[in-house]
Amino acid sequence: MAQTERRDAPELPDFSLLKRLARDQLIFLLEQLPGKKDLFIDADLMSPLDRIANVTILKQHEVDKLYKVELKQIVSNSDQLCFLIRPRIQTVKWISELVNSDKAAGRFRRYKIIFTPQKFYACETVLEEQGVYGDVTTDEWNFYILPLDDDILSLELPEFFRDNFLEGDQRWVTTGGSALHLLQSVYGSFSKFYGIGRCAKMVYESWRELMEEGEQRTKQPEFAKVFLIDRDVDFVTPLCSQVVYEGLVDDIFRIKCGSVEFGPDVTSSDKSIKVMLNSQDKVFNEIRNEHFSNVFGFLSQKAKNLQTAYDKRRGMDIQQMKAFVADELKGLKQEHRLLSLHIGASESMMKKKTKQDFQELLKTEHSLLEGFEVRECITCIEEHINRQVSMIDSLRLLCLLSITENGLLSKDYRSLKAQYLQSYGIQHLLTFANLKQLGLLQEQQTGETLTVMESKVGKLVNDKTAGKLTDAFSSLAKKSNFRALSKKLALVPKSGEEYDLRVPRDMAYVFSGAYIPLSCKLIEQVLERDGWTGLEEVTRMLNGQEFAVTGGSSSSEARNKTDAQRIVLVMFLGGCTFSEISALRFLGKERGCRFIVITTAITNSARLLEALLDSHP
């Protein structure tokens, strides 16, 4: 897009308000149990809680000791126990056992269970069955959204992906709807909804029901458009190796709840350091979306600039030195500390990636995406499996091969599956069943037969009944259609063209110029067309379930040119990668708009596949 068409990006809303709301509600709930109390916290709630209310705040509200929920006998001597947990039956059973053992020992305590983000009927049923319903008080902490950064919001529900897409458990759908409703009540109404995917449709319906129940507000919106997308619409993107700096840090060090722990190999000391990775870190903010090959050049330039800034103090008189120490020195020292950490992290990643034949892996991935030299790719994958390089990486390459090739030939499928089970253990048979169910790794035959039937039915009848039939067929065999989609949407740039990663020309730079993320391309196309018109063939290949609806805002026409119209909320249901976030930031710069990503959790290839592992010995 020409420079003249670009406008300054609009200001983003202040999401710190969501933290304050969550903190105030938690304090209110804790104060309902007056006096000293011990607080038991679910392990996966500890990091999000730390971002909302740290230990000091909890202590101020009479929390005496903090414990992690470990589903074993407790050592607390307090007369008041408070449990802050996710609504999981296993945890509720454990609490019931504690209450019953106290009753048997003749010990009287007060118990309070705070479920977050919401309370499920099944959990209350367990309390009733265990005979402790009258002994405990239950409450909800509606902690739906954790702001991880200026433009990233997370529901911190990694289990959403497996529960919804594999188990078919839709209990988190209402949580998604409630999160949207919270955003609307704080930041104003949405004027337009776009979406694709079965879960996206249900979350939209859940939000609409909440809207109809609640009071209508006419607050000026801070963002007007919402795009909902299911993770199973695009599995290729999370299965690719990430090469933007933030994505690579996540792949190697695992960013957890917006922070990362750098070990001694990065810090050049015997200690590990926990670092917050967000736009407050000036060094990180400049390199987070960069392709990794550009990062060293940037960091070395930054080091030179920093040295120049330090050198300024030479030849200063006392007054100038005083001003330098007061105004600049602290900032320079902080920048120096962060710079040395990111240089250490980059060196550590370089070493690890060289060791793991990273370039060979990337080459295989790019060949699969292009549909080029597939036989050589299969040989590389076999070698990877037989050398036992990495259990997850082997699985990732198998899934990528299956999706891009629309399933594997029977002989290849059986051979690769047998080799994988021999290398990593027969217990992974269950994992293969899970992958097949999700359409991530399957044989070609059955899928093709069903899809032929599906297209015939679709052509014969074009009404709601046909829609139901095609839904039924598509759920039986999830065909990826990646090649056709790639061609239709130009996801893979023509090979042979030079791609300058220092001056990216499109979103493909997040995968070294080899592939534009399908999810981001869909968002771009739909926003460009203001709907799905002209994308009928694409949606058919993605098993449909697309929608575009005008929201609750009636005066949207009058505000058509405002900043709110240039801020788009994109909701990923089932997880989102840092590569997709970087691609959307790039698209926003190109279009003079801003994207806010709200996701059920941050994901990557390892997290996605670990959620599907069923390797019980």
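Position numbers for residues start from 1 in each chain and track the written sequence from start to end. Local features in this predicted model are restricted to residues of pLDDT 70 or higher, and side-chain atom pairs are both shown and tallied only at a pLDDT of 80 or more, whereas totals for entire chains, interfaces and linings draw on every residue. Side-chain figures throughout are based on the complete set of non-hydrogen atoms in the structure, without hydrogens or water.

1. What about the sheet that holds strand S3 (residues 80–85)?
When DSSP finds two or more bridges between two strands, those strands count as paired. A helix here means a DSSP run of H or I that spans at least four residues, while a strand means a run of E at least two residues long, and both kinds are numbered starting from the N terminus. Spatially, five strands are ordered S2-S1-S3-S4-S5 in an open sheet, and the strand pairing comes out parallel. Of all strands in the sheet, those bounded by a partner on one side alone are strand S2 (63–68) and strand S5 (136–140). In this sheet, neighbouring strand axes are inclined to one another by 20 degrees on average, regardless of whether the strands run parallel or antiparallel. For S3 and strand S4 (residues 110–115), the ladder comprises six bridges, and the chain directions are parallel. To get an axis, a line is fitted to the C-alpha atoms, and for a helix only the part in contact is used. The angle between two axes follows their N-to-C directions and goes from 0 to 180 degrees.

2. Notes on the sheet that holds strand S12 (residues 546–550)
What the seven strands build is an open sheet, ordered S6-S7-S14-S13-S9-S8-S12; its pairing is mixed. Every interior strand has two partners, whereas the edge strands, strand S6 (146–149) and S12, have only one. Strand-to-strand twist of the sheet, defined as the mean angle between neighbouring strand axes without regard to direction, takes the value 20 degrees. With six bridges connecting them, strand S13 (residues 567–573) and strand S14 (residues 594–599) associate as parallel partners. In the sheet register, Val-568 faces S14, and the bridge partner there is Phe-595. Along the sheet, helix H7 (residues 173–187) makes contact with strand S7 (152–154), strand S8 (192–196), strand S9 (225–230), S13 and S14, crossing S13 at roughly 165 degrees. Two residues form a contact once any of their heavy atoms are found within 4.5 Å.

3. Structural notes on the pairing of strand S1 (residues 37–41)
Note on classification: 1.4 Å probe, protein chains only; a residue is buried when its accessible area is under 20% of the maximum for its type, exposed when over 50%, partly exposed between these limits. The element S1 is largely enclosed, with a buried count of five among its five residues. Judged by which residues are buried, S1 turns out to be covered on both faces: Lys-37, Leu-39 and Ile-41 on one side and Asp-38 and Phe-40 on the other are all buried. Across four bridges, the pairing between S1 and S2 is parallel. If you follow Ile-41 over to S2, its bridge partner there is Lys-68.

4. Details of helix H17 (residues 391–404)
Given a rise of 1.5 Å per residue, 14 residues ought to cover 20 Å, and the 20 Å separating the end C-alpha atoms of H17 matches this to within 8%. For H17, a buried count of 13 out of 14 residues is recorded, marking the element as mostly surrounded by other parts of the structure. Just downstream of H17, Asn-406 is the residue with a positive phi angle, here 65 degrees. By this rule the span expected of a helix is its residue count minus one, scaled by 1.5 Å.

5. Things to note about the pattern of salt bridges
Any carboxyl oxygen of Asp or Glu within 4 Å of a side-chain nitrogen of Lys or Arg constitutes a salt bridge here. For the structure shown, the criterion picks out 36 salt bridges. Between Glu-246 and Arg-585 there is a salt bridge whose closest N-O contact spans 3.6 Å. Here the residue Glu-246 occupies a position in helix H10 (residues 245–253), and Arg-585 occupies one in helix H25 (residues 578–591), the gap between them amounting to 339 residues. Residue Glu-246 shares its accessibility class with Arg-585, and that shared class is buried. Across the pair Arg-396 and Asp-393 runs a salt bridge whose closest N-O atoms are separated by 3.0 Å. Highlighted residues: Arg-396 and Asp-393, both in helix H17, separated by three residues, approximately one helical turn. In this structure, Arg-396 and Asp-393 share a single accessibility class: buried. Shared partners join several salt bridges into a network, and the residues in it are Asp-149, Asp-151, Glu-246, Arg-288 and Arg-585.

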